[in-house]
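What follows is the residue order along each chain.
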Amino acid sequence: MTVKVVLVGCGNMGHAMLAGWLKSGQLIPSETFVAEPNTELRARAEKLGVTTGASAADLPAGTPELVVLAVKPQVIRDVTAGYKHLGNGQTSFVSVAAGTPIATFEEVLGDKTPIIRVMPNTPAAIGKGMMVVYANAHVRPETKKFVDELLAASGAVATVDDEKLMDAVTAVSGSGPAYIFHFIEALTAAAEHAGLPTETAKLLAMQTVYGAASLAAESGEEPGLLRQQVTSPNGTTAAALNVLMGDDRLKTLLTEAVEAARLRSIELGK
Ligand SMILES: NC(=O)c1ccc[n+]([C@@H]2O[C@H](COP(=O)([O-])OP(=O)(O)OC[C@H]3O[C@@H](n4cnc5c(N)ncnc54)[C@H](O)[C@@H]3O)[C@@H](O)[C@H]2O)c1
C-alpha cells in the first residue's frame, strides 16, 4: 500500500491537524499513515480510521507525496533522519516545529528536498486554526497548492516570504491561543472576585471572548471601532479601559510576552 501522506507525531498538534483534514475530506484515511511511538496516541489516531505504526521502520513501501513532521523541536533532527531515504526525491516534507529552520532539514534530508514550514495552532482541530506557511525553492507549485488546500481544511492560511518571520508568527498565532485561554481564566477569576458564582463567571468570560472575536471577524470592522461602540463616555467600559490602556499597560505586557516567545523560538532553532 502506498500512502499519500505520512504524519510523524500524533500528539496535540498532529492530532488536531489530522482530525481537521479527515473531517473535511481533504484526506481520506486509506491514504494516510501515522507514525507515533505512544500506544495510546496511536489508538486515538486509529479511531480516525488511519493506519499507524510506531516509527519510520513501519512505513509502508512506496513514496508518499508528503511527510508531515509534528514532533518536538528537541527531537526533530533525529526523528527526521529516519526519513532520510525519502530526501532529495519526489516526497515533500512539512514541518510544524517551532524554531527549527529549513536549513536543519536540508542538512538531514539533502539540499534538493522540497521543505515547507507551517506554523499552525490548536483551533485547527475545529477548522478555526491559523496556519502560516514558508516554503523553500524546491517546492513545486502543485505541491504548494496541495498543502495550502490541506491546511485550508483546518482554518485560515497565510504565507510569509522571509523565513525569519516564522519566529514572530510562532509567537503570535502559534502560541496565541494559550494567551487567550489565559485571558479567559483571568476574566473568570475577576468575575468571581466581583461576586459571581464560578459557573456563571466561566460562562460570562468564555461567551464574551467568543462573541467579541466572532463579531470582530464577521463584521469586518476595525477592533478599535468595535471597542468604541461598547464604550459610553465616562461609563463603565471607560473605567475599565483606563486600567487596561493607561500607560499602554496591556499593550506593553503583550509586546513583552510576544517578544519572549519570539526569542525562545529562535533559541529552539539552534
Ligand atoms: N501544541 C501547539 O499548540 C503547537 C502549535 C504550533 C506548532 N507546534 C509544534 O508542533 C510540534 C508538536 O508539538 P505538540 O504540542 O503536538 O507536542 P506533543 O508532545 O503533544 O506531540 C509530539 C508527538 O511526537 C511523538 N513522537 C516522539 N518521537 C517520535 C518519533 N520518533 N516518531 C513519531 N512520533 C514521535 C510523541 O510521542 C508525541 O505524541 C512541536 O514541534 C511544536 O513546536 C505545536
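Residues numbered from 1 in each chain as written. Predicted model: local features only at pLDDT ≥ 70, side-chain atom pairs only at ≥ 80, totals over all residues. Heavy atoms only, no water.

Here we come to the side chain of Thr-188. Looking at where Thr-188 falls in the secondary structure, it is placed in helix α7 (residues 176–193). The exposure class assigned to Thr-188 is buried, which follows from its relative accessible area of 9%. (Helix = DSSP H or I, 4+ residues; strand = E, 2+ residues; numbered from the N terminus. Buried < 20%, exposed > 50% of the residue type's maximum accessible area, 1.4 Å probe, protein only.)

Here we come to the site of the ligand. Neighbouring the ligand are 20 residues; Asn-12, Met-13, Glu-36, Val-71 and Ala-98 lie closest to it. Contact distances for the ligand include 3.4 Å between a nitrogen atom and a backbone N or O atom of Gly-9. Note that an oxygen atom of the ligand is positioned 2.6 Å from one of the backbone N or O atoms of Val-71. Elements supplying a minimum of two residues to the shell around the ligand: α1 (12–24) and α3 (73–81). The residue makeup of the shell around the ligand, split by class, is 14 nonpolar, four polar and two charged. (Near = heavy atom within 4 Å. Polar contact = N/O pair within 3.5 Å; in protein donor to acceptor, adjacent residues only side chain to side chain. Nonpolar A, V, L, I, M, F, W, Y, C, P; charged D, E, K, R; others polar.)

In the numbering used here, UniProt assigns the feature "binding site: NADP(+)" (unreviewed entry) to Ala-70, Val-71, Lys-72 and Pro-73. Cross-referencing the annotated residues with the lining of the second largest pocket gives Ala-70, Val-71, Lys-72 and Pro-73. Tracing the backbone shows Ala-70 in the loop between β4 (66–69) and α3. When its relative accessible area of 16% is taken as the criterion, Ala-70 is described as buried. What Ala-70 contacts, discounting residues up to four positions off in sequence, is Leu-7, Val-8, Gly-9, Gly-14 and Val-96. Judged by its relative accessible area of 60%, Lys-72 falls in the exposed class. (UniProt positions renumbered as here; feature names shortened; annotations may be inferred. 1 Å grid on protein atoms, 1.4 Å probe; cavity = no way out; pocket = protein on both sides within 12 Å on 5 of 7 lines; lining within 4 Å. Contact = heavy atoms within 4.5 Å.)

Another aspect to go through is the sheet that holds strand β6 (residues 115–119). As summarised here, the arrangement of the eight strands in space is β3-β2-β1-β4-β5-β6-β7-β8, forming an open sheet in which the pairing is mixed. Two strands close off the open sheet at either side, each with one partner strand: β3 (51–53) and β8 (155–159). Averaged over neighbouring strand pairs, the angle between their axes works out to 20° when direction is ignored. Of the pairings in the sheet, the one linking strand β1 (residues 5–8) to strand β2 (residues 32–35) comprises four bridges and is parallel in character. When the sheet's bridge partners are listed, Leu-7 is paired in β2 with Val-34. The strands touched by helix α4 (residues 102–109) are β4, β5 (92–95), β6 and β7 (129–135); relative to β6, the strand with the most contacts, the crossing angle is about 140°. (Pairing = 2+ DSSP bridges. Axes fitted to C-alpha atoms, helices over the stretch in contact; angles between N-to-C directions.)

The next point concerns the packing of helix α6 (residues 165–174) against α7. Across the interface, α6 lies against α7 with an axial gap of 5 Å and an inter-helix angle of 30°. In terms of their interaxial angle, α6 and α7 are classed as roughly parallel. The residues of α7 that touch α6, namely those facing Ala-171, Val-172, Ser-173 and Gly-174, are Gly-176, Pro-177 and Tyr-179. By residue class, the composition of the contact of α6 with α7 is four nonpolar, three polar and no charged. (Parallel < 35°, antiparallel > 145°, perpendicular 65-115°, else oblique.)

With that settled, the discussion passes to helix α5 (residues 141–152). Residues three or four positions apart in an α-helix share a direction because the helix packs 3.6 residues into each turn. The first and last C-alpha atoms of α5 sit 16 Å apart over 12 residues, in line with the 16 Å expected at 1.5 Å per residue. Along α5, the positions that sit buried rather than exposed are Thr-143, Lys-144, Phe-146, Val-147, Leu-150 and Leu-151. In a view along the axis of α5, the buried residues occupy a sector of 160°, so they form one face of it. Pointing more than 90 degrees away from the buried face of α5 are the exposed residues Pro-141, Glu-142 and Lys-145. (Expected span 1.5 Å × (residues − 1). Arc of directions from axis to C-beta.)

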